[in-house]
Amino acid sequence: MRLLISIVLCFATYMFCQSSFAASLQLPNNAKTVLVNGVATEQQQVALDINTPQGLQQIAFRYHARFRDQGSQHSFSSDVIILRFAASDQDYQLSLPSIRSQSNATQFNQQPQITLTNQAGQAIEFTQDKLMKSGLQIGRDFETEIAKYNASGAIAAWNAASVALKPTATTNTNASAIAESTAQELHKTDAVVDQQEVSNMLDYWYQKASPQTQAEFKARINQ
């Protein structure tokens, strides 16, 4: 009898785990998450918890690319993009455009073009925004930032306890962010563009570093 009970409990546990994480999101090789449903994590294939209210997921990620422009190699690290969509028991694929020039990189940051499809190749509706922070981008506390973002009730806000599904279609970055980014681009000089590239590269390598190396780097900045 005890053996039978143990088998039933194991089976129930297995079925619960399967039903909770029976969906996944695959990101391109040059993109990685920084947050999944409010938790900081770096992944390319994300197990989705479809037991959240309405099955809603909030994925924040960055797009990294290297390209050759005007005879020089460049590194690109996008702004943090927030993606919110309703998931069911299936797999999803995120697709991003190719970055082959500085103009491609600038255009993507101004208005990211993203495609989300299910395992049948059908387009999935989603809400999109950015997690923006002014000043130095190194050593960002993404969990604190997204908690403030979600509490603000912004367009792609998400709450683990109660998510209100807003009747919005696929939405690119909010108008104010686009306008601000466009204005900045129009007034950039070559020197400023170079500094932006340096900032992107620093942030990219900081995210790749070990916790010890990150701590040492921050210590040097604070000297």
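Remember, predicted model here, so these are calculated numbers, not experimental data.

Rules of the game
Residues numbered from 1 in each chain as written. Predicted model: local features only at pLDDT ≥ 70, side-chain atom pairs only at ≥ 80, totals over all residues. Heavy atoms only, no water. Pairing = 2+ DSSP bridges. Helix = DSSP H or I, 4+ residues; strand = E, 2+ residues; numbered from the N terminus. Axes fitted to C-alpha atoms, helices over the stretch in contact; angles between N-to-C directions. Buried < 20%, exposed > 50% of the residue type's maximum accessible area, 1.4 Å probe, protein only. Core = buried A, V, L, I, M, F, W, Y, C linked by side-chain atoms within 4.5 Å. Contact = heavy atoms within 4.5 Å. pLDDT = per-residue confidence, 0-100. Phe/Tyr/Trp six-rings, centres within 6.5 Å; stacked < 30°, edge-to-face > 60°. Salt bridge = Lys/Arg side-chain N within 4 Å of Asp/Glu carboxyl O.

### Overview of the sheet that holds strand β8 (residues 91-95)
Working step 1: Pairing in this open sheet of four strands is mixed, and the strands run β4-β1-β8-β9 from one edge to the other. The open sheet has two free edges, formed respectively by β4 (45-48) and β9 (115-118), since each of these has just one partner strand. Direction aside, neighbouring strands of the sheet carry axes that sit 20° apart on average.

### Topic: the pairing of β4
Working step 1: Here β4 shows one buried face, formed by V46 and L48, and one open face, formed by Q45 and A47.
Working step 2: Note that strand β1 (residues 23-26) and β4 share four bridges and pair antiparallel. Looking across to β4, one finds that L25 is bridged to V46.

### Quick look at the environment of G139
Working step 1: Position of G139 among the secondary structure elements: in the loop between β10 (127-131) and α3 (142-151).
Working step 2: For G139, a relative accessible area of 32% translates into the label partly exposed.
Working step 3: C-alpha of G139 to C-alpha of A215: the two residues are 76 residues apart in sequence and 9.0 Å apart in space.

### Some points on the nonpolar core
Working step 1: Membership of the largest hydrophobic core comes to 28 residues, with the highest contact counts inside it found for L25, L48 and F85.
Working step 2: Residue assignment for this core shows that the elements contributing at least two residues are β1, β2 (31-36), β4, β5 (56-69), β7 (80-86), β8 and α2 (102-110).
Working step 3: The contact partners of F85, leaving out residues within four places of it in the chain, are L25, L48, G55, L56, Q57, I59, Y92, L116, E125 and F126.
Working step 4: Counting residues in each nonpolar core, the second largest holds eleven residues, with V34, V80, F142 and Y149 among its members.

### Concerning the confidence of the model for the protein
Low pLDDT marks stretches whose predicted atomic positions should not be read closely.
Working step 1: Per-residue pLDDT for the protein has a mean of 77; in total, 63% of the residues score no lower than 70.
Working step 2: Every residue in residues 161-179 scores below 50 in pLDDT, and together they form 39 contacts with partners more than four places removed in sequence or on other chains.
Working step 3: Confidence drops under a pLDDT of 50 for residues 185-194, and excluding neighbours within four residues, the segment shows five contacts in the predicted structure.

### Remarks on the packing of aromatic side chains
Working step 1: The final tally for this structure, using the stated rule, is four aromatic pairs.
Working step 2: Ring geometry for Y63 versus F76: centroids 6.3 Å apart, planes at 85°, classification edge-to-face. With Y63 in strand β5 and F76 in strand β6 (residues 72-77), this pair connects stretches of sequence that are 13 residues apart. In this structure, Y63 and F76 share a single accessibility class: buried.

### So, the environment of A86
Working step 1: As for its position among the elements, A86 is in strand β7.
Working step 2: For the pair formed by A86 and Q57, sequence separation is 29 residues and the distance between their alpha carbons is 6.1 Å.
Working step 3: Apart from the residues lying within four places of it in its own chain, the contact partners of A86 are Q54, G55, L56 and Y92.

### So, unusual backbone geometry
Working step 1: Despite not being glycine, N37 shows a phi value in the positive range, around 50°.
Working step 2: Mapped onto the fold, N37 is located in the loop between β2 and β3 (39-40).
Working step 3: Of note in the backbone geometry, Q54 takes a positive phi value of approximately 60° without being a glycine.
Working step 4: Assignment of secondary structure puts Q54 in the loop between β4 and β5.

### Let's talk about the pattern of salt bridges
Opposite charge on two side chains permits pairing when their charged atoms draw close.
Working step 1: All told, the structure shown has three salt bridges when counted by the stated rule.
Working step 2: With its nearest N and O atoms 2.8 Å apart, the salt bridge here joins K130 to D79. Here K130, found in strand β10, pairs with D79, found in the loop between β6 and β7; they are 51 residues apart in sequence, far enough to count as distant.
Working step 3: Exposure remark for D79: the relative accessible area of 22% places this residue in the partly exposed category.
Working step 4: One salt bridge in this structure joins R140 and E145, with 2.5 Å as the shortest N-O distance. Of the two residues, R140 and E145, neither departs from the other in class, the shared state being buried.

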